Amino acid sequence: MPTNLHAARMSSSPVVEPDPESWRAFIDRIDVLEVPVESFIDTLVPSSQPFVYKDHRHSQARFLNAEGPIQRSDLAISLGILVSSFASERRVSFVETRSYPLSPPFKVLHSTGDRTALDIGVSFPGDTLNGRPERWQQFVMSIEVKGDEQSDPFDQDDFSGSSVFSMAACARNVMLAHGFLIAFTLGIYGNRCRIVRFDHASGLVSESFNYLERPDLLQQFFWHFVHPCVGDTVVGCDPTVHALAPSDVRWIKPRLENLKIASDSLNEWEFRRVNIHDDARDTTRAFFLVKVISAEKRIFSRATMVWLAIEDVRNARGRQAKVDEPTLVIVKEAWREIETRSEAFIYQILADAPKSERFGLARMVCGEDLGEREVALWNAGGRSLRPPTSKSKSGPIYVLPFPQHQTFSWRFTGEEEKAHQDRSQVRLVIDVVGRPLSQFRTTRQLVRAIYDALKGHRNACWNGILHRDVSEGNVLLVDDHSRNQFPFTAFLHDFDFSWIDVMQHDPAYHSSNTPVMHERGKSGVDGALLGQTGTPPFMAIAIHKQRIARLLGTPIKHDVHHDLESFYWLLVWMVLRHTRYLHTWGSRAEGTLFACRDHSFYASMKAIWLDLPAVVVWDNVPLTRLLRRFTDAVKANNPSLVDPQGSGAMTCLTHAMVVDILEDALDSDGWPDNDHAFTPGDREAWRAYSATHTLHLGAKRSNEEVDGRCEHGEVVPLDDGRKRRRL
């Protein structure tokens, strides 16, 4: 193996530095395990085949005796020699890729401009990497290379430097590209090496070792890596996820054409097949995932991915006389924290509700909490597992030190106080395909969408479920492909943060592997309702104040009226981003209200917003009046805004109240016919134009004067030499 790697020739990967708070939260999830490297490999990289060391030192003489700095390309060749004794179908290849930073694995993430460079890329077993790499789908691992031992970030108390963040970014991209459950990276610092294992809960790092003196450890690692106990490629691959065969692609394409899915919007290298257990049928169903709709980029997160998919019904044709052609569905994958309820459980509750109480809500076709199922099978099997995770009674049984679809890192390291941060994978198939709310074709359609989603929220509440995260991404318009199949135009989904009144459904329900979430204090209020849950731009003002309230000993119970206030902020968000509006803050309104750095600022700016004259939507009387009425209702929902001493009466928002406000607006005349959502270009053009106008605030006027009719004189053009009014 090479001896010296010249630091000047080994610059760090380009990566965006996180802010200090995010950095601290990130590094707090990474642990260096003080165990022998052999034990690290045996436990965390379990192999189905015993390892026998093959000495290749004689083949590496030219690297060991090289004069001057060793290049990454030489290191890649040397690593290739180290694994040359592996069977060809199990042999990985290595290539120097430093000069070719890659965009994220899916098109939907390309707009972020985030590009990450690998120093050395590692191929799938049996593949050979040649030429310039094109995408992350070509790699199963990255290797970070630094010139000297002093560059080892894990030898420093705070893991300082950007290399740790860069390694995590590479691991994240590998996991995204292939649906891996775990990703490994190597850090090579001079003559020393570390193995780093990432999942969606934490990172575990081996002790460093001198790979020149102990090349057997590197060879042992790669041997284990390409001989997984579960899955057919490498350790960390998901045994329920598979690449498509050419025959699969040939079958898929005409069906997507029949469903009016344009082929130029798809990339075949993104396609994959997943197996999902269906409890109702007691069988496993296969779905082809053909397009990523959204994906979470943070590695330590729920890692939510939403796919457009169709079911593989070919096997069903052999069992049934007639099988319908597949329809479009949504497949959602996410990693929930194990102390929270599974979203699959919530959809099972909703499935039992009367049809009239499912309006505005998606339906689960099938789905499961893979982590819970696998833990149960693993425990029942005496810490062994029969892959893939299903009720199949065939196939080999492998003894595993841990399950695959549930992280165990915090419990493995003995940090029980952080065990709640471990995660369990959930995969669901949803029957209704949606598109973003920001793609509304008229503002009336936007309001109708919020109205239908609000009814869905009400129906969920009737079934003992409080959503707690009403936000832009969680309210979707029914896609054109599905609009004739459903009575609603939009729906509420994503119940990951929801609270469940478990006593209403099943007092005996306990997760097989998680603590009970709903522990009630002396006051009888569920502790889960005293947290701070939601997406900040859409949170109710009171929820922004939750942390301070808890410090003062007066925590705020997250209740229905807080969710209803979130519908108001969602409507304001859409107006400020996608319509021709006028407001005292002018074109700065969106950034002023929704780009706050912390919860205290959000609470303050939202309070100020409510105290100003309501926003006016240009030439749109119904929407302007709706915003005025909704604003007044939200002010009454926050009595301290009306009376700073807090003695004013609080009029909590109710479903009936908000439904009445929305219905009154929808029944009004005067809605524009073609005021579709602004594109980014439209938005910038309007901001430039509206910069010459402001609302006239010379005197406090009744709201009746401000209703969106430009000819009424409430909008005053500004002379070129006059600066815009500031508060």
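Everything discussed here concerns the structure shown above.
Everything numeric in this text was worked out from a predicted model, so none of it was measured.

**Student:** I'm lost on the overall build of the protein chain in this one. Help?
**Tutor:** Scanning the protein chain from N- to C-terminus turns up 22 helices and 26 strands. Buried positions account for 56% of the 727 residues belonging to the protein chain. If you take every contact in the protein chain between residues at least 6 apart in sequence, the share linking residues at least 24 apart comes to 72%. Element-wise, carbon and sulfur atoms account for 49% of the exposed surface of the protein chain, whose accessible area totals about 30,800 Å².

**Student:** Help me out: how do you make sense of the nonpolar core in this one?
**Tutor:** A general feature of soluble globular proteins is that nonpolar side chains tend to end up buried together. Counting residues in hydrophobic clusters, the biggest one holds 95 residues, and the most contacted among them are Leu 437, Leu 571, Leu 576, Leu 593, Trp 609 and Leu 623. With eleven residues, the single largest contributor to this core is helix H16 (residues 560-578). Filtering out sequence-adjacent residues up to four positions away, Trp 609 remains in contact with Tyr 568, Trp 569, Val 572, Leu 576, His 583, Trp 585, Ala 589, Leu 593 and Val 615. One finds Leu 102, Trp 136, Phe 222 and Ile 299 within the second-largest nonpolar core, a separate group that totals 72 residues.

**Student:** Quick question: what am I supposed to make of the sheet that holds strand S18 (residues 434-436) here?
**Tutor:** What holds strands together in a sheet is hydrogen bonding between their backbones, with the strands either parallel or antiparallel. The strand order across the open sheet built from three strands is S18-S20-S21, with neighbouring strands paired in antiparallel fashion. The sheet terminates laterally at S18 and strand S21 (490-492), the two strands that pair on one side only. Neighbour to neighbour, the strand axes of the sheet diverge by 45° on average, direction disregarded. Direction of pairing for S18 relative to strand S20 (residues 475-478): antiparallel, over a ladder of three bridges.

**Student:** Just checking my understanding: could you explain the pattern of salt bridges for this structure?
**Tutor:** Between side chains of opposite charge, a pair can form when the charged atoms approach closely. Inspection of the entire model under this criterion finds 36 salt bridges. Notably, a salt bridge pairs Asp 119 with Arg 98, separated by 3.8 Å at the nearest N-O pair. In this pair, Asp 119 sits in the loop between strand S2 (94-96) and strand S3 (120-122) while Arg 98 sits in the loop between S2 and S3, placing the two residues 21 residues apart along the sequence. Summarising the burial analysis for this pair, Asp 119 and Arg 98 share the class buried. Several salt bridges converge on common partners, so that one network encompasses Arg 302, Lys 332, Glu 343, Asp 494 and Asp 496.

**Student:** In this structure, what is going on with the side chain of Arg 172? I would like to understand it.
**Tutor:** Within the element layout of this structure, Arg 172 appears in helix H5 (residues 163-178). A relative accessible area of 11% means that Arg 172 is categorised as buried. Polar contacts involving the side chain of Arg 172 include one to the side chain of Asn 173, which spans 3.1 Å. Beyond its immediate chain neighbours, meaning those up to four positions away, Arg 172 contacts Asp 114, Thr 116, Lys 297 and Ile 299.

**Student:** Looking at this model, I keep getting lost on helix H19 (residues 621-636). Mind explaining?
**Tutor:** Because each turn of an α-helix spans 3.6 residues, side chains separated by three or four positions in sequence point in the same direction. Here H19 spans 23 Å end to end across 16 residues, near enough to the 22 Å set by a 1.5 Å rise per residue. The complete set of buried residues in H19 reads Val 621, Pro 622, Leu 623, Thr 624, Leu 626, Leu 627, Arg 628, Phe 630, Thr 631, Ala 633 and Val 634. The secondary structure elements touched by the buried residues of H19 are helix H12 (443-462), H16, helix H18 (599-611), strand S24 (616-617) and helix H21 (655-666). Near the N-terminus of H19, the side chain that reaches the backbone nitrogen of Leu 623, with its oxygen 3.2 Å away, is that of Asn 620.

**Student:** Hey, could you run me through the sheet that holds strand S12 (residues 305-311) in this one?
**Tutor:** Ordered in space as S9-S10-S11-S12-S13-S17-S14, the seven strands form an open sheet in which the pairing is antiparallel. Of all the strands in the sheet, the pair left with one neighbour each is strand S9 (241-242) and strand S14 (364-369). When strand S13 (residues 329-337) meets strand S17 (residues 423-430), the two strands line up antiparallel, connected through eight bridges. When the bridges of S17 are listed, Trp 335 appears paired with Gln 425. Relative to strand S10 (residues 272-278), H5 is tilted by about 75°, and along the sheet it contacts S9, S10, strand S11 (283-295) and S12.

**Student:** What am I meant to see in the packing of H16 against H18 here?
**Tutor:** What describes two packed helices is the angle between their axes and the distance between those same axes. Between H16 and H18, the shortest axis-to-axis distance is 13 Å and the interhelical angle comes to 80°. It follows from the interaxial angle that H16 and H18 lie roughly perpendicular. Two secondary-structure elements touch here, H16 through Tyr 568, Trp 569, Val 572 and Leu 576 and H18 through Lys 606, Trp 609 and Leu 610. Class assignment for the residues of the contact of H16 with H18 results in six nonpolar, no polar and one charged.

**Student:** Would you mind showing me how to read the packing of helix H2 (residues 37-44) against helix H6 (residues 215-225) here?
**Tutor:** Two numbers describe how H2 lies on H6: the axes approach to 10 Å, and their chain directions differ by 5°. Our classification of the angle between H2 and H6 gives roughly parallel. Across the interface between the two elements, Val 37, Glu 38, Ile 41 and Asp 42 from H2 touch Leu 217, Gln 220, Phe 221 and His 224 from H6. Here the residues of the contact of H2 with H6 are counted per class, giving four nonpolar, two polar and two charged.

**Student:** Just checking my understanding: could you explain the environment of Glu 663 for this structure?
**Tutor:** Looking at where Glu 663 falls in the secondary structure, it is placed in helix H21. For the pair Glu 663 and Leu 626, spaced 37 residues apart in sequence, the C-alpha to C-alpha distance is 9.7 Å.

**Student:** What should I look at first to understand helix H9 (residues 343-351) in this one?
**Tutor:** H9 sits mainly inside the fold: seven of its nine residues count as buried. Among all positions in H9, only Glu 343, Ala 344, Phe 345, Ile 346, Tyr 347, Ile 349 and Leu 350 are buried. Taking the backbone nitrogen of Ala 344 as reference, a side-chain oxygen 3.1 Å away marks Ser 342 as the first, capping residue of H9.

About the cut-offs
- Residues numbered from 1 in each chain as written.
- Predicted model: local features only at pLDDT ≥ 70, side-chain atom pairs only at ≥ 80, totals over all residues.
- Heavy atoms only, no water.
- Helix = DSSP H or I, 4+ residues; strand = E, 2+ residues; numbered from the N terminus.
- Buried < 20%, exposed > 50% of the residue type's maximum accessible area, 1.4 Å probe, protein only.
- Contact = heavy atoms within 4.5 Å.
- Areas by Shrake-Rupley, 256 points an atom, 1.4 Å probe, with all protein chains shown as cover.
- Core = buried A, V, L, I, M, F, W, Y, C linked by side-chain atoms within 4.5 Å.
- Pairing = 2+ DSSP bridges.
- Axes fitted to C-alpha atoms, helices over the stretch in contact; angles between N-to-C directions.
- Salt bridge = Lys/Arg side-chain N within 4 Å of Asp/Glu carboxyl O.
- Polar contact = N/O pair within 3.5 Å; in protein donor to acceptor, adjacent residues only side chain to side chain.
- Expected span 1.5 Å × (residues − 1).
- Parallel < 35°, antiparallel > 145°, perpendicular 65-115°, else oblique.
- Nonpolar A, V, L, I, M, F, W, Y, C, P; charged D, E, K, R; others polar.

Purely geometric stuff here, so don't read any function into it on its own.
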